[in-house]
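Working through the structure, step by step
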2 protein chains.
Amino acid sequence: MIMQNIYALKGNICYSKDQKTIEAVENGYVVVENETSRGVFRTLPEKWANAPVTDYGDKLIIPGLVDLHIHAPQYAFRGTGMDLELLDWLNTYTFPEEARYGDLEYAELAYSLFADDLSKGATTRAVVFATVHVPATMLLMEKLERSGIVSLVGKVNMDRSSPAGLQEESAERSANDTIGWLHSCVGKFKNTSPILTPRFIPSCSDDLMRRLGDIQKAFKLPLQSHLSENQSEIEWVSELCPWSMSYGDAYAQFGMFGGENVNAVMAHCVWPTSGEIELIRKNGVYVAHCPQSNMNLASGIAPVRKFLEKNLNVGLGSDVAGGSSASVFRAMSDSIQVSKLYWRLVDGDSAPLTVEEAFYLGTLGGGRFFGKAGSFDDGFEFDAVIIDDGSIIGPAKPNIHDRLSKVIYLSDDRNIIAKYVRGEICGG
Amino acid sequence: MIMQNIYALKGNICYSKDQKTIEAVENGYVVVENETSRGVFRTLPEKWANAPVTDYGDKLIIPGLVDLHIHAPQYAFRGTGMDLELLDWLNTYTFPEEARYGDLEYAELAYSLFADDLSKGATTRAVVFATVHVPATMLLMEKLERSGIVSLVGKVNMDRSSPAGLQEESAERSANDTIGWLHSCVGKFKNTSPILTPRFIPSCSDDLMRRLGDIQKAFKLPLQSHLSENQSEIEWVSELCPWSMSYGDAYAQFGMFGGENVNAVMAHCVWPTSGEIELIRKNGVYVAHCPQSNMNLASGIAPVRKFLEKNLNVGLGSDVAGGSSASVFRAMSDSIQVSKLYWRLVDGDSAPLTVEEAFYLGTLGGGRFFGKAGSFDDGFEFDAVIIDDGSIIGPAKPNIHDRLSKVIYLSDDRNIIAKYVRGEICGG
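Description of the environment of Tyr-93 of chain A
Residues and elements named next belong to chain A. Here Tyr-93 is to be found in helix 1 (residues 86-99). For the pair formed by Tyr-93 and Glu-356, sequence separation is 263 residues and the distance between their alpha carbons is 36 Å. Aside from chain neighbours lying at most four places away, what touches Tyr-93 is Phe-77, Gly-81, Asp-83 and Leu-84.

See the structure below:
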């Protein structure tokens, strides 16, 4: 194959090497070959001397952000109905709103807004809940494909404890609809793929879970769900699954909790037992930490310091509309802020998260769920966001680390001047 | 006097009647006479039938927001240096930054940014810390006057426990500089006035506090300071003032803690004793609740539910740069979010704040510190913000209450299309 489609971007490049370390290369180069980064360099290596260079001057170049948990059909009502806890919130606000997605006209309006706003932000990869409705889920996938970002999208399964108009009529019907949906979307898109999405244990009968386990194996699908978010929810699961040792174990007994052949991400994990944490670690399950949602629904604060100490796979989720903001920068600053309250009010041994750790969680930490994403190291798929921080930098000429910190705490989509996904410029 | 300068604004009008109640009048009128609101009406009363009406259509019209606590010289470095608690944060980041304001060239750059950004936001009234430097404080007052908002600005006093380059050389010098500053600024501006500003007990010797008490009486000044933010700070104050019953009592013994002739606002009150709370109530001291700062500096969560139950005067503060964001909308949503964590993690009897309460705190609650401000009821000074929420409203046509909730959680300065202060349009 002839060497082709190689280019470099020049600017102030920041990316996570690991949980503790942000590599910051001022006036550096990141070289991209097709979809893939070839690494970051202080000077452009000789062998790429002829590659075209886009010079972003004093701007910041960072990896695209990764949202491990967001509900597309809840985007329209984000920022309202924050006066209830999880189970009442679902019944009062969320399920009635999700029922609207049986209407494709409404879905068209609401999913357009969702996809447009997502494309303006810094997110380049997202793991997305849709609703039970197959046509609306296909519409969402088409819109996300056009947005240019990489996404895993799930038609939701729920065959119990849900209101009429949303609950699927049987486990068999839910499974069959899922299979039909998979046949129509697998391999259809470049950047948009399906992910198996049992809503959570209370919404899915044992029969449905067994059928979904078979589908997961047959299609080798990744899987997303919710775990140990709220104390009443956990109690309910223990009643529904008296044969399980924990909420996580209930998923595991259906073959849906990581392990060798299941790439699984579980949102929240605010109140995990030590056995659950060990199972998460052993099975390589990803935790989507959703700090804003956990505040809004009064769920609590997830023990993220413990997760990091035990080397769990952890990333961030906006969890719209439990979370009000779809910004992963906001999720980073929220994760630091709630970790400080956890340290002050709950456990003086759990040191607060640092800027380095929060940035890691929102890039490489979550990016690994997609394979090699979330970093600029050689071999990673090249997702990047170019940030003009002129409006927030201030007169004191802060160093690159402090500029990145300001971007995390203060930037909005006006500061984003370009976005690259898998080597291609987005919406350009 | 001939009836003059009367006009009405038409739109969806929302304002707090009290802590629990938001009055929402769709397609209503608020009538303004000179600087003052004449009230809100469903139809325009006959006697004002000839008043010119500005029709804002479907837009929201709300009272201007009130920031009871913000440090202007910390604006430039907001969003950085969030890895320390209060006392170390002051010594490591804040005091060195504030020392720069001896240089008027730096102050010109930094205060321009501060005043410009403040004028773009929804804040119409602010209680502002400057630094010890008189010339830079005058510069700040001039810039705030030009911004159109109403502000109380304090030259800071600090004659102990502070670094060279920032600490004033003696109590006498600090007091004399303050008197000189007051002579040059009292009555100089329409919207900008001085407020007495002993930084906090650890920065002010007993001698200085006594002199400032005399200055307060002579000039009948309002007063701002900090109270019970951090546990190490409180311990330090108890060592410095062994004769006091509490941190608040130390201020009180210098005649600086409310009461008949002192309009005082104290920031934070995260760890008040029951005696302090009673003193705050008895003396009518205002509490500036600064939830984001209290997260960022790991101070904790102020017991705001208790303050409201005891009918304390409470408003919101952004506390930049302890807080990263200068938005009072953000302070409202932060106040709700941290109250939910307080309820979940600290005290199950302290019900979370509602949207109504948070909106009250950021408008009428803080506005009362300025006299009749923060509401549209007859006789209040007319400060208003006109909000186009088209970008966040979503396709489901939410009611006015939910639209206001979305504005609180999601809006930014792009949603603000006009601002009125004391009856005049700002920056128009």
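Right, picking up where we left off after that structure.
Thoughts on the packing of aromatic side chains
In the structure shown here, the tally under the stated rule is 28 aromatic pairs over all chains. Seen in terms of ring centroids, Tyr-247 of chain A and Tyr-251 of chain A are 5.6 Å apart; in terms of plane orientation they differ by 10 degrees. Their pairing is stacked. A residue pair is termed a helical-turn pair when its members lie 3 or 4 positions apart in one helix, as Tyr-247 of chain A and Tyr-251 of chain A do in helix 7 (residues 247-253) at 4 residues. With respect to class, Tyr-247 of chain A is no different from Tyr-251 of chain A; both count as buried. Note on Phe-41 of chain B and Trp-48 of chain B: the rings are 5.7 Å apart at their centroids and 55 degrees apart in plane angle, and the pair reads as tilted. Taken together, the ring pairs connect Tyr-7, Tyr-15, Phe-376, Phe-382 and Tyr-420 of chain A into an aromatic cluster. Between Arg-78 of chain A and the ring centre of Tyr-75 of chain A, over which it is positioned, the NZ or CZ distance is 3.8 Å. The ring of Tyr-106 of chain A carries Arg-100 of chain A above its face, with NZ or CZ at 4.8 Å from the centroid.

Structural notes on the relation of the copies chain A and chain B
Once turned by 180 degrees and shifted 0.0 Å along the axis, chain A lies on chain B with an RMSD of 0.0 Å. Classification of the inter-copy transformation places it as that of a two-fold axis. Relative to the rotation axis, the C-alpha of Leu-345 of chain A is the closest in chain A, positioned 3.8 Å from it. A share of 100% of the interface residues of chain A reappears at the interface of chain B, consistent with the copies meeting face to face through the same patch.

Brief notes about the pairing of strand 1 (residues 6-18) of chain A
Residues and elements named next belong to chain A. Of all 13 residues making up strand 1, 11 are buried, and the element is well covered by its neighbours. The pairing of strand 1 with strand 2 (residues 21-33) spans 11 bridges and is antiparallel. Counted as the bridge partner of Lys-10 is Tyr-29 from strand 2. The turn joining strand 1 and strand 2, which pair antiparallel and follow one another in sequence, is formed by 2 residues. Pairing of strand 1 with strand 4 (residues 53-63) involves 5 bridges; the strand directions are parallel. Following the sheet pairing, Asn-12 is matched in strand 4 by Leu-60.

Notes on helix 3 (residues 134-147) of chain A
All names here are of chain A. With 14 residues, helix 3 extends 20 Å from end C-alpha to end C-alpha; this agrees with the ideal 20 Å at 1.5 Å per step. Those residues of helix 3 that sit buried are Ala-136, Thr-137, Met-138, Leu-139, Leu-140, Met-141, Lys-143, Leu-144 and Ser-147. Looking one or two residues beyond helix 3, the residue adopting positive phi is Gly-148, at roughly 95 degrees.

Quick look at unusual backbone geometry
Following Val-320 of chain A, the chain continues into Ala-321 of chain A via a peptide bond in cis, with omega recorded as 5 degrees. Take Ala-321 of chain A: it is sitting in the loop between strand 14 (313-316) and helix 11 (328-345). The phi torsion at Ser-228 of chain A lies on the positive side, around 45 degrees, for a residue other than glycine. Residue placement: Ser-228 of chain A occurs in the loop between strand 11 (223-227) and helix 6 (231-240). A positive phi angle is found at Ser-161 of chain B, which is not glycine, with a value near 55 degrees. Looking at Ser-161 of chain B, the relative accessible area reads 39%, which means it is partly exposed.

A short note on the packing of helix 4 (residues 171-185) of chain A against helix 5 (residues 206-219) of chain A
Residues and elements named next belong to chain A. Where helix 4 meets helix 5, the axes come as close as 9 Å, and the angle between the chain directions of the two elements is 20 degrees. Comparing their axes, helix 5 and helix 4 come out roughly parallel. Classified by chirality, the crossing of helix 5 by helix 4 is right-handed. Residues Ala-171, Glu-172, Ser-174, Ala-175, Thr-178, Ile-179, Leu-182 and His-183 of helix 4 pack against Asp-207, Leu-208, Arg-211, Leu-212, Ile-215 and Phe-219 of helix 5. By residue class, the composition of the contact of helix 4 with helix 5 is 8 nonpolar, 3 polar and 3 charged.

Description of the pattern of salt bridges
In this structure the tally under the stated criterion is 54 salt bridges over all chains. Between Glu-168 of chain A and Lys-155 of chain A there is a salt bridge, and its shortest N-O distance comes to 2.6 Å. Of this pair, Glu-168 of chain A sits in the loop between strand 8 (156-157) and helix 4 while Lys-155 of chain A is found in the loop between strand 7 (150-154) and strand 8, placing the two residues 13 residues apart along the sequence. Like Lys-155 of chain A, Glu-168 of chain A is buried. Ionic pairing is found between Arg-281 of chain B and Glu-278 of chain B, a salt bridge with its closest N-O pair at 2.7 Å. One end of the pair, Arg-281 of chain B, and the other, Glu-278 of chain B, are both in helix 8 (residues 274-283), 3 residues apart, so they sit about a helical turn from each other. Of the residues examined, Arg-281 of chain B reaches a relative accessible area of 39% and is grouped as partly exposed. Members of the salt-bridge network, linked through shared partners, are Asp-412, Asp-413 and Arg-414 of chain A together with Asp-412, Asp-413 and Arg-414 of chain B.

As for the sheet that holds strand 11 (residues 223-227) of chain B
Residues and elements named next belong to chain B. An order of 11-12-13-14 is seen for the 4 strands of this open sheet, with the pairing classed as parallel. Bordering the open sheet on either side are strand 11 and strand 14 (313-316), each of which pairs with just one other strand. The mean inter-strand angle of the sheet, taken between neighbouring strand axes irrespective of direction, is 30 degrees. As judged from the 3 bridges shared by strand 12 (residues 264-268) and strand 13 (residues 286-289), these two strands associate in the parallel manner. Residue Met-266 lies in a different strand from strand 13, and its bridge partner there is Val-287.

What counts, and at which threshold
Residues numbered from 1 in each chain as written. Chains lettered and ligands numbered in written order. Predicted model: local features only at pLDDT ≥ 70, side-chain atom pairs only at ≥ 80, totals over all residues. Heavy atoms only, no water. Helix = DSSP H or I, 4+ residues; strand = E, 2+ residues; numbered from the N terminus. Contact = heavy atoms within 4.5 Å. Phe/Tyr/Trp six-rings, centres within 6.5 Å; stacked < 30°, edge-to-face > 60°. Buried < 20%, exposed > 50% of the residue type's maximum accessible area, 1.4 Å probe, protein only. Lys NZ or Arg CZ within 6 Å of the ring centre and 35° of its normal. Least-squares fit on C-alpha atoms with pLDDT ≥ 70 in both. Pairing = 2+ DSSP bridges. Expected span 1.5 Å × (residues − 1). Axes fitted to C-alpha atoms, helices over the stretch in contact; angles between N-to-C directions. Parallel < 35°, antiparallel > 145°, perpendicular 65-115°, else oblique. Left-handed = near helix turned anticlockwise from the far one by under 90°. Nonpolar A, V, L, I, M, F, W, Y, C, P; charged D, E, K, R; others polar. Salt bridge = Lys/Arg side-chain N within 4 Å of Asp/Glu carboxyl O.

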